[in-house]
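Structural characterization, general
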Number of protein chains: 4
Amino acid sequence: MKKLVRFNNDYNHGAHPAILKALADTNDTSFGGYGQDEVCEAAKEAIYKYIDCPEADIHFVVGGTQANILMIEAAITKKFESVICADSGHINSHETGSIENMGHKLLTLPHTNGKISAEQIAAEAEVFRSSPLQEHITEPRAVYISFPTEYGTIYSKKELVDISAVCKEYNMYLILDGARLGYGLASPSNDVTLADITRLTDAFYLGGTKCGALFGEAIVITDNQMKRGFRSIMKMNGALLAKGWLLGLQYKTLFEDGLYFEITQKAVDYAKPIEAAFKAKGVEAAFDGNTNQLFYIPSEAQIEELKKGFVFEVMDKVDDEHRMIRICTSWSTTYEEVEALVGAINNL
Amino acid sequence: MKKLVRFNNDYNHGAHPAILKALADTNDTSFGGYGQDEVCEAAKEAIYKYIDCPEADIHFVVGGTQANILMIEAAITKKFESVICADSGHINSHETGSIENMGHKLLTLPHTNGKISAEQIAAEAEVFRSSPLQEHITEPRAVYISFPTEYGTIYSKKELVDISAVCKEYNMYLILDGARLGYGLASPSNDVTLADITRLTDAFYLGGTKCGALFGEAIVITDNQMKRGFRSIMKMNGALLAKGWLLGLQYKTLFEDGLYFEITQKAVDYAKPIEAAFKAKGVEAAFDGNTNQLFYIPSEAQIEELKKGFVFEVMDKVDDEHRMIRICTSWSTTYEEVEALVGAINNL
Amino acid sequence: MKKLVRFNNDYNHGAHPAILKALADTNDTSFGGYGQDEVCEAAKEAIYKYIDCPEADIHFVVGGTQANILMIEAAITKKFESVICADSGHINSHETGSIENMGHKLLTLPHTNGKISAEQIAAEAEVFRSSPLQEHITEPRAVYISFPTEYGTIYSKKELVDISAVCKEYNMYLILDGARLGYGLASPSNDVTLADITRLTDAFYLGGTKCGALFGEAIVITDNQMKRGFRSIMKMNGALLAKGWLLGLQYKTLFEDGLYFEITQKAVDYAKPIEAAFKAKGVEAAFDGNTNQLFYIPSEAQIEELKKGFVFEVMDKVDDEHRMIRICTSWSTTYEEVEALVGAINNL
Amino acid sequence: MKKLVRFNNDYNHGAHPAILKALADTNDTSFGGYGQDEVCEAAKEAIYKYIDCPEADIHFVVGGTQANILMIEAAITKKFESVICADSGHINSHETGSIENMGHKLLTLPHTNGKISAEQIAAEAEVFRSSPLQEHITEPRAVYISFPTEYGTIYSKKELVDISAVCKEYNMYLILDGARLGYGLASPSNDVTLADITRLTDAFYLGGTKCGALFGEAIVITDNQMKRGFRSIMKMNGALLAKGWLLGLQYKTLFEDGLYFEITQKAVDYAKPIEAAFKAKGVEAAFDGNTNQLFYIPSEAQIEELKKGFVFEVMDKVDDEHRMIRICTSWSTTYEEVEALVGAINNL
């Protein structure tokens, strides 16, 4: 049987070979436990070069849902506080009620291309501020956004500056989910740097699982209140890895020479020929993300044809004959795989 | 200064005089604690006459938010389960995130006149049932509706039958918030009985605070799974009143001779002349509830005029010149108060 | 059948007649909702006279478990924080895991006569402070004590001063459960005032349910951090009574002329002849509380004899032939009831 | 500077070389996400050979605290339920209140050599069963034990059979923390098999992190109620690894040819010469565990001497001159390291 090529997500391969090599090279060395070791320190140093914020705290955890739980737990100071997010936000739509499970209400706003605006956020925060009955509703304490969003779009620098200002105005923390941050930064449409994101948010994570690591996310916290007791929050939630150096080692490998940026750039570049092929074939784009995630609306017949050679995500029906699909390139995608997919699209 | 007349809600007076008398008559008697006493038993007997379900469990608690917390806590069996409700539902809009605080996600549906339909509920439940990735989303376990709704409307018997059937089909509990149940049953549009509600839901509460009691709500549970450990849930949430007979005494007084139905009927009747006056004046109704809550859309100028003599709830702006208001009659409203308000509306 | 006299607790009667009268006198008056009314303000003024702390916040709630939940929720700032208490403390032993249900660990210390010492508390707090692995254990943020304790004993002023100092030293809030505070203050052994308790704690509640009210507890908060959003915490936990003035009215009645102190003093005085009778009969005391709760260790035969005329709490076996019992006098106990019990003890 | 040899724990090295090789061999292969892949299936097959229970569910997670959180979450059906454990149990002493954070009370029993007995457990469960006031206390629903315990001791088959019977009698789930299960099974004192443990418990985990894996724990669930929605509980708690096959691959490697048992046996064997050296030197053992963890009570001077060449855990003071220490061998310990430590002990 012919092996299908996976374009269904960006976490279907192990790790960049340099990471496996680093694991092998250190396998005979012993380390201190729970992330207090020299490798984690080196990894943080490597990241500090890019975020331009030496006073930030950096913590490494295993996965993205975990990172979101921890950052929001660190932001919330009282249980009557809530979190503003897009209805399409991962914490609302795909994390099994993890935030509510911790006791916190989400105030969801309708997304536009996966994004929410500073105006929307301000209006929601104002509901509480101007309410004569504040004790009957929750107080927004944090705003959660994804970069890139769940639909592969990115916020512009101006949009982030505006959202950040609204958060400050309403005394809310800005938390950014960077599961695919590398792909967002690599977008030709992007105008923000890692230092911008660090400066404009109170906490974010720099995704590794989807960007070349075996697993792992680096949480960067700049707000002093949010820093307090973060390792306790990690341990309490089962997120303090015993062999913490395994995470440090991966981030050291990805960041000390810019490998992270190089491999995510390649994935975004590889998306371009696929986009061009869909366009040439007249298949409509659902979102213009310009990152490694492509959302197109082929016919059901075209989808069936593509399924013969490729795995990809088949999503909601758009009309009786069409359906949205998601195609992801990733750090592990090869040029041959891209060529094969382009060829298949051309033949639709 | 002229004393303003309160039409702002249905909980601005103490209790029906018969209740105060019952309190005085028993004040020299000693009782067992925590609701295990002969008065609570008598109150339950009085309620059983109306609900036609001798195997139901009945528990008395102090307030409505408490009742909602307890019923939902009894319905949820695992933390990845969620509750479907209208976006206008009290648990979503006015209870400070109490359900999320307990760890449970609300799946909100857009309301129509305060109501949600069996079709909407089925569609939401189907999202989970048909999902290939069920572990990434919550499993709806309960549906919460209000009768009357937060906008004074009521579900018809057919609507309740349909919703109940959907709940059974999707293995969800149907929970009904009856904070103003007496006023709903008294509506000229109403075609359901207390026995219907008991039969069609798994748990509901029969509101007392807004219907003639000093305070108190009677929770009726018909589902056997939901019955388990309910008193433990009450105690754990600080809702097991030490002097439980105080609640029993009030329900005994309200239900043994039908006083509950008599006084809520009067309040609904008293709403009619007010509705007629608004109609005659050409003020638009926002909702046609036919209960004790009236939602109208006067001009800002008319609102200012009415404020000179009356207290009522001023709500959202509808357009630049108009705003929605809520006017409540209640068991304690006098005919003189109604006449005064009608006169004021006529003079607008 | 002869009616048994209840000495089983101090919440088996309605309310002091002055409270019922106040309810009747105001029953035709309308009030603002949720405790924002002039009666609550007057009640607070009456309490302020005794606590000597005009900047304290005062909130009225219905019951003691509720009050404990709310105060601790207000004290905890992060979920990895815990609460130190006696193993005999009500929150540990009789509130169905309510504190853990909110997510907070209790660190229990072995009690001595229902009390814990400043030394014990300091030692427990020091475990965290001196731990090299703080993120693996919880950080104590509050200390909970009861006055009087669950065994009817009271802390001396020196003991409270010492505990308060330890709390300050270790950055922990001191929270005092005053369900029976009136009886403690009335003890002949007592050397603290309400003003002392206000000054030495960060929050406490002044029990009403067991001290002459129909129901109700007054929470007094002096710490500014704990004050924040307290009404939101109340609403979120179903503890914001719609007809809040009912609570205010009771506290106004109890405190504006010192009725609270008068009726609890009487109950403590009435305990004395009972103690004397047990002593004369050679029945051993389990605790020397000097409040309204008496703990004695009669033989099983004596217990059976007393049960013929009286209801009281039969507790743990002490040896094969003896068992501890609890007898409570209360604000509602009559002199005739005391005489009857004394007579029965004399006849054992 | 001389490199110190780490005997401080059993998680200070990466992974057995066979695991690194397996990672490298599969790095160019793509897999399905979230543990639904052929490698995880093969790993489960390998484990099924040992547990003799084809109907058990097996799930792979990253760490031990996570595994405990998930198993207990799966066991608890209502929030008023609690978990019985030893006061020395890891969930009580070293996991930052993680269980209480989820809302569940721990009922702790004093340990003997790290263990609790069937009699103790029955007595605690009986407190609830025989209470006339059940709604005021929590209902024990699960019993948590560690094998080996936190002090390196193990339960005998008879002890497990008895505890299991008590759990059945009182309708409680038996949950076993097997972070170091391999070392326990390898103990010369051990008389239970993996199949025994599977049969006698409702859920347990088979530790990987400390037994040769890079990271990972395999949760085995035999109770049908506990199986329901377990993947949802995982996702909700951030414990569903995106690249789940990484866990499967490790367990496949450890279990398909018995490597797990071989390497943990070696570690237990390597502990023997160290024990003999301490014994010869007259240093007292704190616990006789017979696993890979050694607890001894050297003098402070001896401790200082050993610290010159080795890292180990220095624990509580026993008297003015002595202190307990913990020394762990592990799958990664070499014979040369053992010889070095034995030499150092001989020279004390």
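Residues numbered from 1 in each chain as written. Chains lettered and ligands numbered in written order. Predicted model: local features only at pLDDT ≥ 70, side-chain atom pairs only at ≥ 80, totals over all residues. Heavy atoms only, no water.

Attention now moves to the sheet that holds strand S3 (residues 81-86) of chain A. All names here are of chain A. In space, the 7 strands of this open sheet follow the order S2-S8-S7-S6-S5-S3-S4, with mixed pairing throughout. Lying at the two open borders of the sheet, with one neighbouring strand each, are strand S2 (57-61) and strand S4 (105-109). Each neighbouring strand pair of the sheet contributes to a mean axis angle of 25 degrees, computed without reference to strand direction. Across 2 bridges, strand S6 (residues 173-177) lies against strand S7 (residues 203-207) in parallel orientation. From the neighbouring strand, leucine 176 faces S7, where its bridge partner is phenylalanine 204. (Pairing = 2+ DSSP bridges. Helix = DSSP H or I, 4+ residues; strand = E, 2+ residues; numbered from the N terminus. Axes fitted to C-alpha atoms, helices over the stretch in contact; angles between N-to-C directions.)

What follows concerns the interface of chain D and chain A. Facing the 44 residues of chain D at the interface are 44 residues of chain A. Between chain D and chain A lies a buried interface of about 3,800 Å² when both sides are counted; carbon and sulfur atoms form 54% of it. Contact with chain A buries surface across chain D, with D:Asn27, D:Met236 and D:Lys243 losing the most and accounting together for 17% of the total. Linking chain D with chain A are 0 salt bridges. On inspection of chain D and its partner chain A, the count reaches 22 residue pairs in polar contact (both at pLDDT 80 or more). Of all the elements, helix H1 (residues 17-25) of chain D adds the most residues to the side of chain D that touches chain A, at 4 residues. Classifying every residue of the side of chain D that touches chain A gives 19 nonpolar, 19 polar and 6 charged. (Contact = heavy atoms within 4.5 Å. Buried area = accessible area lost by both parts, 1.4 Å probe. Salt bridge = Lys/Arg side-chain N within 4 Å of Asp/Glu carboxyl O. Polar contact = N/O pair within 3.5 Å; in protein donor to acceptor, adjacent residues only side chain to side chain. Nonpolar A, V, L, I, M, F, W, Y, C, P; charged D, E, K, R; others polar.)

Our focus in this paragraph is the sheet that holds strand S8 (residues 217-221) of chain D. Residues and elements named next belong to chain D. Reading across the sheet, the 7 strands line up as S2-S8-S7-S6-S5-S3-S4 and stay open at both edges, with mixed pairing between neighbours. Of all strands in the sheet, those bounded by a partner on one side alone are strand S2 (57-61) and strand S4 (105-109). Within the sheet, the average angular offset between the axes of one strand and its neighbour, ignoring direction, is 25 degrees. Packed onto the sheet, helix H7 (residues 157-169) meets strand S5 (139-146) and strand S6 (173-177) and runs at close to 140 degrees relative to S6.

With that settled, consider the pairing of strand S5 (residues 139-146) of chain B. Looking along a regular strand, one sees the side chains alternate between the two faces of the sheet. All names here are of chain B. Counting buried positions over the 8 residues of S5 gives 8, a clear majority of the element. Two strands pair when backbone bridges link them, and strand S3 (residues 81-86) and S5 are joined in this way by 5 bridges, in the parallel orientation. By the bridge assignment, valine 83 is partnered in S5 with alanine 142. Both S5 and strand S6 (residues 173-177) contribute to a ladder of 5 bridges, which runs parallel. Within S6, the residue paired with alanine 142 across the bridge is tyrosine 173. Once the chain exits S5 it traverses helix H7 (residues 157-169) before rejoining the sheet at S6, and the crossover so formed is right-handed. (Buried < 20%, exposed > 50% of the residue type's maximum accessible area, 1.4 Å probe, protein only. Right-handed = clockwise from strand over helix to strand, strands pointing away.)

Glancing now at the packing of aromatic side chains. Here the distance between the centres and the angle between the planes together describe a pair of aromatic rings. Taken as a whole and assessed by the stated rule, the structure comprises 62 aromatic pairs over all chains. Look at A:Tyr34 and D:Tyr11: their rings are 5.7 Å apart centre to centre, the planes differ by 65 degrees, and that puts the pair in the edge-to-face class. Placement of A:Tyr34 in the loop between helix H1 (17-25) and helix H2 (38-51) and of D:Tyr11 in the loop between strand S1 (5-6) and H1 is noted, with the two residues assigned to different chains. Across this residue pair, the class does not change: A:Tyr34 and D:Tyr11 are buried. Here the aromatic residues A:Tyr50, A:Phe60, A:Tyr251, A:Phe255, A:Tyr260 and A:Phe261 are joined through ring pairs into a cluster of three or more. The positively charged end of C:Lys115 is found above the aromatic ring belonging to C:Tyr155, 5.5 Å away from the centroid. (Phe/Tyr/Trp six-rings, centres within 6.5 Å; stacked < 30°, edge-to-face > 60°. Lys NZ or Arg CZ within 6 Å of the ring centre and 35° of its normal.)

Across the boundary between the two partners, chain A contributes 18 residues, which contact 19 residues of chain B. Summed over both partners, the interface of chain A with chain B buries about 1,400 Å², with 50% contributed by carbon and sulfur atoms. Its largest share of buried area at the contact with chain B, chain A owes to A:Thr96, A:Glu100 and A:Lys105, together 39% of the area lost on that side. Connecting chain A to chain B are 2 salt bridges. The salt bridge involving A:Glu100 is made with B:Lys105; its shortest N-O contact spans 2.6 Å. Across the chain A-chain B interface, the total number found is 10 residue pairs in polar contact (both at pLDDT 80 or more). Breaking the side of chain A that touches chain B down by element, the ones donating at least two residues are helix H4 (90-93), helix H5 (98-101) and S4 of chain A. Residues of the side of chain A that touches chain B, tallied by class, amount to 3 nonpolar, 10 polar and 5 charged.

Below, the discussion takes up the relation of the copies chain D and chain A. Placing chain D over chain A gives an RMSD of 0.0 Å and needs a rotation angle of 180 degrees, together with 0.0 Å of translation along the axis. The symmetry that links the two subunits is that of a two-fold axis. (Least-squares fit on C-alpha atoms with pLDDT ≥ 70 in both.)

The next subject is the confidence of the model for chain A. Per-chain confidence: chain A averages 97 in pLDDT, with 99% of residues scoring 70 or above. Listed scores for the predicted complex are pTM 0.97 and ipTM 0.97. (pLDDT = per-residue confidence, 0-100.)

So, on to the environment of A:Tyr260. Residues and elements named next belong to chain A. Within the fold, tyrosine 260 resides in helix H13 (residues 259-280). A residue is classified by how much of its surface remains accessible, and tyrosine 260, at 0% relative accessible area, is buried. Taking the C-alpha atoms as reference points, tyrosine 260 and leucine 206, separated by 54 residues in sequence, lie 10 Å from one another. Those residues within four positions of tyrosine 260 in sequence are excluded, and the remaining contacts are Leu181, Gly182, Leu206, Gly207, Cys211, Leu254 and Phe255.

Residues and elements named next belong to chain C. What the rule picks out here adds up to 88 salt bridges over all chains. With its nearest N and O atoms 2.8 Å apart, the salt bridge here joins arginine 129 to glutamate 169. One end of the pair, arginine 129, is in helix H6 (residues 118-129); the other, glutamate 169, is in helix H7 (residues 157-169), and 40 residues separate them in sequence. The exposure class of arginine 129 is partly exposed, given its relative accessible area of 39%. By relative accessible area, glutamate 169 is classed as partly exposed at 46%.

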